[in-house]
Amino acid sequence: MSDVIQHWRDGKIFAGTSTATAPVTNPATGAVTGEVALASVDDARAVIDAAVAAFPAWRDTSLAKRTSVLFAFRELLNARKDELAALITAEHGKVLSDALGEVSRGLEVVEFACGIPSLLKGGFTENASTSVDVHSVLQPLGPVGIISPFNFPAMVPMWFFPIAIAAGNTVVLKPSEKDPSASLWMARLWAEAGLPEGVFNVLQGDKTAVDELLTNPKIKAISFVGSTPIAQYVYATATASGKRVQALGGAKNHAVILPDADLDLAADAMVNAGFGSAGERCMAISAAVAVGPIADDLVAKIAERAATIKTGDGTKDSDMGPLVTKVHRDKVASYIDAGEADGAKVVLDGRTVIANGGADGFWLGPTLLDNVTPQMSVYTDEIFGPVLSVLRVETYDEALALINNNPYGNGTAIFTNDGGAARRFQNEVEVGMVGINVPIPVPMSYYSFGGWKASLFGDSHAHGAEGVHFFTRTKAITTRWLDPSHGGINLGFPENK
């Protein structure tokens, strides 16, 4: 099994004992490019045990040493990010510019984690009671598990592991079996940066590996990003096993375009947010809500721009790559079929796209649907593909009600030149991340990423202050020292008699 993409344990490749594998494909050609190992329970436990063994020494490693490793990792990643981007494009299919953007956003969290000494400061109160002092410290949890999705094989793990490692935890990363190579690349980079063996480990696999992470008592916390049904399962299973959990789920992100908006700006934003990374991201805008008389103009401007998008192999001169698998491509296409059957107008049809790539690639071009209603499956379901639905409403209140009545609450945006309307929207909308004339409101690394309602299970969002809180626990220490003169203690100091 030497050509199989394997696990990473104790600073080196670990083959395990399972012979089960899954194919890894290039979505632009449809060709199988490799196999990835699927861990058995014993394999998973062996990788977890490496993280357990490494924890005591890493926990007690000085902050100065930990941050020096973080800085080294940051420098290596920045210098070689093109390598990682190419690996992502080969297995995920997104165009190289999207892949580089993903790595850059992950790099921001690494840079945030480099400031961990100031983020781990506790508190101190002198003389809380007579001769009694109280102070608090932030300490790591132990070995933690990260379960990441296919759509961001580098960025999503980097939402979590830089902070987890900087805070003194050890990590087991379970990447998607669809694009597993980025995880091993990052593992090798950690080793090159000087991270001790066993602090960062990679467990390849499917549900068997996931379930062992969720239930093994040696894993103290789970970070997850994926669909809402799986997020619910991860949260319920891991919390039942006594773990701390942050499980980020699905989304149905709306953008509200008010009548006073700059329609050219809004149309540009809808194209970028709807079709970037082929719509395979939880922050994609999939529902454009046109308020009042602007809908015809808005649809025309979006269609004009989207029609120029070049779909093709991500390594070529393309704007948008393929979908990740043939099964997923066909599922997304079936939603277009259903929307059309339900009465939506297909303004731009991605099913007929002629792509600059392999004949067997998983192609689906940008698709624009108009006159979509809230009852259609193309609106109610998270499609996770390059499909943008336009809904027409008469008032701001109708648009707001659409968003607040939706079960998801991940991201949203409003396009307007009216500051009062924007301020009202940011106050009233029941969504975790809001953009004002910004289509994909992903916050910077020093703020926290995450939604509300069915888009998040658990109390902590990713990175930022909430990320530091998630990967640490507070210990309060109350201290009382007797005065040296009490009891006639001789401290050995010279005395003048």
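Given the structure is predicted, the values throughout are model-derived calculations rather than measurements.

**Re the sheet that holds strand 19 (residues 411-415)**
Spatially, the 7 strands line up as an open sheet ordered 15-16-17-14-13-19-20, and their pairing is mixed. Edge strands, defined here as strands with exactly one partner in the open sheet, are strand 15 (345-348) and strand 20 (433-436). For this sheet, the mean angle separating the axes of adjacent strands, direction not counted, is 20°. Relative to strand 16 (residues 367-370), strand 15 runs antiparallel, the two being bridged by 3 bridges. Looking at the pairing, Val-346 lines up with Leu-369 of strand 16.

**Focus on the domain arrangement of the chain**
By domain assignment, the chain separates into domain 1 (4-249 + 455-477) and domain 2 (253-436). Look at where the C-alpha atoms of domain 1 and domain 2 centre, and you get two points 31 Å apart. With 18 residues of domain 1 in contact, the opposing surface of domain 2 contributes 26 residues. In this assembly, domain 1 packs against domain 2 so that about 1800 Å² is buried in total across both faces, 62% of it on carbon and sulfur atoms. The largest per-residue losses of area from domain 1 upon contact with domain 2 belong to Ala-28, Val-95 and Ser-455, which jointly make up 27% of the total buried on that side. The interface formed by domain 1 and domain 2 holds 0 salt bridges in total. Summed over the shared surface of domain 1 and domain 2, the number is 8 residue pairs in polar contact (both at pLDDT 80 or more). Classifying every residue of the side of domain 1 that touches domain 2 by side-chain character gives 6 nonpolar, 9 polar and 3 charged.

**Focus: the UniProt feature "domain: Aldehyde dehydrogenase" (unreviewed entry) in the chain**
On the UniProt side, "domain: Aldehyde dehydrogenase" (unreviewed entry) is annotated at positions that read residues 19-477 here. With 41% helix and 22% strand, the stretch residues 19-477 has end C-alpha atoms that lie 50 Å from each other.

**Considering the pattern of salt bridges**
Per the stated rule, a full pass over the model turns up 25 salt bridges. Its salt-bridge partner being Glu-111, residue Arg-74 comes within 2.8 Å of it at the nearest N-O pair. On the criterion of sequence distance, the pair formed by Arg-74 in helix 2 (residues 63-79) and Glu-111 in helix 4 (residues 96-113) is long-range, its members being 37 residues apart. Its salt-bridge partner being Asp-268, residue Arg-305 comes within 2.5 Å of it at the nearest N-O pair. With Arg-305 in helix 11 (residues 295-306) and Asp-268 in helix 10 (residues 263-275), the pair connects residues that are 37 residues apart, well separated along the chain. Where salt bridges share partners, they join Asp-264, Asp-268, Lys-301 and Arg-305 into one cluster.

**As for the nonpolar core**
One broad trend across soluble globular proteins is that nonpolar side chains are buried collectively. Counting 67 residues, the largest nonpolar core has Leu-77, Leu-84, Trp-159, Phe-161, Ile-165, Trp-190 and Phe-200 as the members making the most contacts within it. Tallying contributions element by element places helix 6 (residues 155-166) first for this core, with 10 residues. Apart from the residues within four sequence positions on either side, Trp-190 is in contact with Val-69, Leu-70, Phe-73, Phe-161, Ile-165, Leu-195 and Phe-200. With 61 residues, the next largest nonpolar core counts Leu-364, Tyr-379, Leu-388 and Ala-413 among its residues.

**Regarding the pairing of strand 9 (residues 170-174)**
Where burial is concerned, most of strand 9 is hidden: 5 out of the 5 residues are buried. What you see with strand 9 is no split at all: Thr-170, Val-172 and Lys-174 on one side and Val-171 and Leu-173 on the other are buried throughout. In this sheet, strand 9 lies alongside strand 8 (residues 143-147) in parallel orientation, the contact comprising 5 bridges. Along strand 9, the bridge assignment pairs Pro-143 with Thr-170. You can see the chain leave strand 8, run along helix 6 and come back into strand 9, and the turn it takes is right-handed.

**Thoughts on the packing of helix 8 (residues 207-215) against helix 9 (residues 228-240)**
One can describe the packing of helix 8 onto helix 9 by two numbers: an axis separation of 8 Å at closest approach and a directional angle of 40°. Viewed along their axes, helix 8 and helix 9 adopt a mutual orientation that is oblique. From helix 8, Lys-207, Asp-211, Leu-214 and Thr-215 reach across to helix 9, where they touch Tyr-233, Val-234, Thr-237 and Ala-238. Its residues assigned to classes, the contact of helix 8 with helix 9 shows 4 nonpolar, 2 polar and 2 charged.

**What to know about helix 4**
Between the first and last C-alpha of helix 4 there are 26 Å, a value that for 18 residues agrees with the 26 Å anticipated at 1.5 Å per step. Listed as buried for helix 4 are Ala-99, Glu-102, Val-103, Gly-106, Leu-107, Glu-108, Val-109, Val-110, Phe-112 and Ala-113.

**Some thoughts on the environment of Met-433**
Along the polypeptide, Met-433 turns up in strand 20. Sequence-distant contacts of Met-433, that is, excluding residues within four places in its chain, are made with Met-283, Asn-410, Gly-411, Thr-412, Pro-441, Pro-443, Phe-449, Gly-450 and Gly-451.

**Overview of the sheet that holds strand 1 (residues 4-5)**
Read from one edge of the open sheet, 3 strands run 1-5-4, paired in mixed fashion. Looking at the sheet topology across the chains shown, the edges are occupied by strand 1 and strand 4 (21-26). Relative to strand 5 (residues 31-37), strand 1 runs parallel, the two sharing 2 bridges. Along strand 5, the bridge assignment pairs Val-4 with Glu-35.

**A word on helix 15 (residues 419-428)**
Those residues of helix 15 not exposed but buried are Ala-421, Ala-422 and Phe-425. An end-on view of helix 15 places all buried positions within 100° of arc, on one side of the element. Counted as exposed and oriented over 90 degrees from the buried face of helix 15: Gly-419, Arg-423 and Asn-427. For helix 15, the secondary structure elements touched by its buried residues are strand 13 (253-257), helix 14 (396-405), strand 19 and strand 20. With a side-chain oxygen positioned 2.9 Å from the backbone nitrogen of Gly-420, the residue opening helix 15 is Asp-418.

**Topic: the packing of aromatic side chains**
Both the distance between ring centres and the angle between the ring planes are used here to describe each pair of aromatic rings. For the coordinates displayed, the defined rule picks out 11 aromatic pairs. Taking the centre distance of 3.9 Å and the plane angle of 10° together, the rings of Phe-73 and Trp-190 count as stacked. Remark: Trp-190 occurs in helix 7 (residues 181-193) and Phe-73 occurs in helix 2; sequence separation between them is 117 residues. Here Trp-190 falls in the buried class, since its relative accessible area comes to 1%. Taken together, a centroid distance of 6.4 Å and an interplanar angle of 40° make the contact between Trp-190 and Phe-200 tilted. Of this pair, Trp-190 sits in helix 7 while Phe-200 sits in strand 10 (residues 200-202), and the two are 10 residues apart along the sequence. The pair formed by Trp-190 and Phe-200 is uniform in burial state, with each residue classed as buried. Among the aromatic residues, those joined into a cluster by ring pairs are Phe-73, Phe-161, Trp-190 and Phe-200.

Criteria and thresholds
Residues numbered from 1 in each chain as written. Predicted model: local features only at pLDDT ≥ 70, side-chain atom pairs only at ≥ 80, totals over all residues. Heavy atoms only, no water. Pairing = 2+ DSSP bridges. Helix = DSSP H or I, 4+ residues; strand = E, 2+ residues; numbered from the N terminus. Axes fitted to C-alpha atoms, helices over the stretch in contact; angles between N-to-C directions. Domains from an automatic or database assignment. Contact = heavy atoms within 4.5 Å. Buried area = accessible area lost by both parts, 1.4 Å probe. Salt bridge = Lys/Arg side-chain N within 4 Å of Asp/Glu carboxyl O. Polar contact = N/O pair within 3.5 Å; in protein donor to acceptor, adjacent residues only side chain to side chain. Nonpolar A, V, L, I, M, F, W, Y, C, P; charged D, E, K, R; others polar. UniProt positions renumbered as here; feature names shortened; annotations may be inferred. Core = buried A, V, L, I, M, F, W, Y, C linked by side-chain atoms within 4.5 Å. Buried < 20%, exposed > 50% of the residue type's maximum accessible area, 1.4 Å probe, protein only. Right-handed = clockwise from strand over helix to strand, strands pointing away. Parallel < 35°, antiparallel > 145°, perpendicular 65-115°, else oblique. Expected span 1.5 Å × (residues − 1). Arc of directions from axis to C-beta. Phe/Tyr/Trp six-rings, centres within 6.5 Å; stacked < 30°, edge-to-face > 60°.

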